Amino acid sequence: MHIQEKRHAMAIPPLLRLGFRPFFLGGALLALCSIALWLLALSGGFNQAPLGGWLAWHRHELLFGFAGAIVAGFLLTAVQNWTGQPGLSGQPLAALALLWLLARLSWFADTGWLLLASNVLFFIAVAVVMARSLFRVKQTRNYPIVGVLVLLALVDALSLSAVLSQDDAQQRQGVLAGLWLVAALMTLIGGRVIPFFTQRGLGRVQQVPAQPKLDWALLGGTILIALLHASGTALSTSAGLGVLFVLLGAGHAYRFYRWADRGVFKVALLWSLHASYLWLIVACAGFALWHFGVIDSFSQATHALAIGAMAGMILAMLARVSLGHTGRPLQPPAAMTLAFILLNLAAVSRVLLTLVAYQDGLRLAGLCWLSAFGLFLWHYGPMLCKTRADGHPG
């Protein structure tokens, strides 16, 4: 980087120097606030509700709001490394972050079109930024990411149009489709970073080699499941869909087996990632059992995917990426080990404990979630708002 370019980059407020900073911070704050508000709403603590009611808000915000922010922050940062081009920063990044914030606040306004437009435009904007960077250098291996972002915008529109028309079934279609699209990104990105981080973190000579055919099959199968949910087809039990979930779970299980290494248990930044991938396998198994008629509801499987897999991988990635991109050694604060344990306990409580003691399981899950993300914000919030420890831009 030339001296003039470095001076210009260093003149930008630290919070706006790269996409991970505002979106990791905003996403983690939303994770904390949204569950606190949801627990208060369940206890009858509010006289008024957001557009569509608290359930519609809860479904949407933990996916398109929280996970959407983290996805945006990660991709807008990673694309700089992938393409060798400067990442979004300064005023354009501030504008995108404000659009995301507007989308969150619009739930509490009486203007339905603003809710729909701000949320959908956010994903379109992220897709456009990614497409420009990737297409400029013809980096075809990452083109599917742009496609998934566009699909996220479409299913978000499906979900929110249903909120405005008070169609609960259609909103569920959009949210479940969005959840599986995020799982598709976890499949794609996780398939790259988990073996890479494991090899680097344990000092192994070689990384577990990729299996492109399996990788593409898992990505394609997950996107197919998302589309089947969007159409409503997957909301009815089907033996054929049960087989699809079994195949998908088996593929993920084979990946998990190939990546396994005893040394992982000694490194919190690694076992947390592997644990989140294990929850993805559990979710596939749960949906398969529902489609085969073995269990009565897919709610537990949905929360295994949303809390254990999605939020688990997010927290693990937040903890590692934030250290690396703020110029710090990859040694997280000791409290993050507790945070990872608490988030997995939240998943266990919501998936299993609620089967025998619903209210207690719900409260314990919420408390563990709040504690996990509270610990992250306490230790990482200042890092995200300050200049890099090594004095470099970014």
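Let me begin by describing the structure that accompanies this report. Model, not experiment: these values are computed from the prediction.

## Some thoughts on the overall build of the protein
Step number 1: Looking only at helices and strands, the protein has 13 helices and 0 strands in total.
Step number 2: The helix and strand sequence of the protein, counted from the amino end, reads α-α-α-α-α-α-α-α-α-α-α-α-α.
Step number 3: Over its C-alpha atoms the protein spans a radius of gyration of 20 Å, differing by no more than 12% from the 21 Å that the globule rule assigns to 394 residues.
Step number 4: In terms of overall dimensions, the protein has a C-alpha envelope of 65 × 55 × 40 Å along the principal axes.
Step number 5: The buried share of the protein, reckoned over its 394 residues, is 54%.
Step number 6: The contacts in the protein between residues at least 6 apart in sequence include a share of 77% that link residues at least 24 apart.
Step number 7: Carbon and sulfur atoms make up 66% of the accessible area of the protein, which amounts to about 17000 Å² in all.
Step number 8: Averaging the locations of the 25 positively and 11 negatively charged side chains of the protein gives two centres separated by 15 Å.

## Some thoughts on the environment of I189
Step number 1: Topologically, I189 is positioned in helix α7 (residues 168-202).
Step number 2: Through-space distance from the C-alpha of I189 to that of N142 is 9.9 Å; in sequence the pair is 47 residues apart.
Step number 3: Excluding residues within four positions of it along the chain, I189 makes contact with F74, W82 and I145.

## Things to note about the pattern of salt bridges
Step number 1: Following the criterion strictly, the structure yields 7 salt bridges and no others.
Step number 2: Of the charged contacts, one joins E61 and R104 as a salt bridge, the two residues approaching to 2.4 Å between their closest N and O atoms. Taken together, the positions of E61 in helix α3 (residues 54-83) and R104 in helix α4 (residues 90-105) put the pair 43 residues apart, joining distant regions of the chain. Each member of the pair, E61 together with R104, is buried.
Step number 3: Residues participating in the shared-partner salt-bridge network are R59, D168 and R172.

## Some thoughts on empty space enclosed by the protein
Step number 1: On inspection of all chains with the given rule, the structure shows 2 cavities of 30 Å³ or more.
Step number 2: Those elements giving two or more residues to the lining of the largest cavity turn out to be α3, α7 and α11 (299-325).
Step number 3: The element best represented in the lining of the largest cavity is α7, accounting for 6 residues.
Step number 4: For the lining of the largest cavity, a count of residues per class yields 15 nonpolar, 1 polar and no charged.
Step number 5: Within this model, the second largest cavity holds a volume of roughly 30 Å³.
Step number 6: What lines the second largest cavity is S272, S276, G308, G312, F340, L343 and N344.
Step number 7: When residues of the lining of the second largest cavity are traced back to their parent elements, those giving at least two are α10 (268-291), α11 and α12 (335-356).
Step number 8: Top contributing element to the lining of the second largest cavity by residue count: α12, with 3 residues.
Step number 9: Looking at the lining of the second largest cavity, its residues break down into 2 nonpolar, 5 polar and no charged.

## Quick word on the packing of aromatic side chains
By convention here, two paired aromatic rings are described through the distance between centres and the angle between planes.
Step number 1: As enumerated under the stated definition, the model contains 21 aromatic pairs in all.
Step number 2: Centroid distance W57 to F108: 6.4 Å. Interplanar angle 65°. Geometry classified as edge-to-face. Pair noted here: W57 is in helix α3 and F108 is in the loop between α4 and α5 (112-136), with a separation of 51 residues, a long-range link.
Step number 3: Taken together, the aromatic side chains of W180, F245, F287, W290 and F298 make up a single cluster linked through ring pairs.

## Some points on the environment of G19
Step number 1: Mapped onto the elements, G19 comes out in the loop between α1 (3-11) and α2 (20-42).
Step number 2: The spacing of G19 and G90 is 71 residues in sequence and 9.6 Å in space, taken between C-alpha atoms.
Step number 3: Aside from chain neighbours lying at most four places away, what touches G19 is G73, L76, T77, L88 and L93.

## Thoughts on unusual backbone geometry
Step number 1: One non-glycine residue with positive phi stands out, namely K138, at about 55°.
Step number 2: Along the chain, K138 falls in the loop between α5 and α6 (143-164).

## Here's the deal with the packing of α3 against α4
Step number 1: Running from amino to carboxyl end, α3 crosses α4 at an angle of 175°, the nearest separation of the two axes being 11 Å. When the axes of α3 and α4 are compared, the pair comes out roughly antiparallel. For the pair formed by α3 and α4, the contact residues are H60, E61, G65, A69 and L76 on the first element and L96, W100 and R104 on the second.
Step number 2: Looking at the contact of α3 with α4, its residues break down into 4 nonpolar, 2 polar and 2 charged.

## A word on the environment of L102
Step number 1: Examined against the element boundaries, L102 turns out to sit in helix α4.
Step number 2: Judged by relative accessible area, which is 35%, L102 ranks as partly exposed.
Step number 3: Residues L102 and H229 lie 127 residues apart in sequence; the distance between their C-alpha atoms is 28 Å.
Step number 4: Other than its neighbours up to four places away in sequence, L102 contacts L114 and S118.

Criteria and cut-off values
Residues numbered from 1 in each chain as written. Predicted model: local features only at pLDDT ≥ 70, side-chain atom pairs only at ≥ 80, totals over all residues. Heavy atoms only, no water. Helix = DSSP H or I, 4+ residues; strand = E, 2+ residues; numbered from the N terminus. Rg over C-alpha atoms; globule rule 2.2 N^0.38 Å. Buried < 20%, exposed > 50% of the residue type's maximum accessible area, 1.4 Å probe, protein only. Contact = heavy atoms within 4.5 Å. Areas by Shrake-Rupley, 256 points an atom, 1.4 Å probe, with all protein chains shown as cover. Lys, Arg positive; Asp, Glu negative; His and termini not counted. Charge placed at Lys NZ, Arg CZ, Asp CG, Glu CD. Salt bridge = Lys/Arg side-chain N within 4 Å of Asp/Glu carboxyl O. 1 Å grid on protein atoms, 1.4 Å probe; cavity = no way out; pocket = protein on both sides within 12 Å on 5 of 7 lines; lining within 4 Å. Points joined across faces, edges and corners; volume = space filled by probe spheres on them. Nonpolar A, V, L, I, M, F, W, Y, C, P; charged D, E, K, R; others polar. Phe/Tyr/Trp six-rings, centres within 6.5 Å; stacked < 30°, edge-to-face > 60°. Axes fitted to C-alpha atoms, helices over the stretch in contact; angles between N-to-C directions. Parallel < 35°, antiparallel > 145°, perpendicular 65-115°, else oblique.

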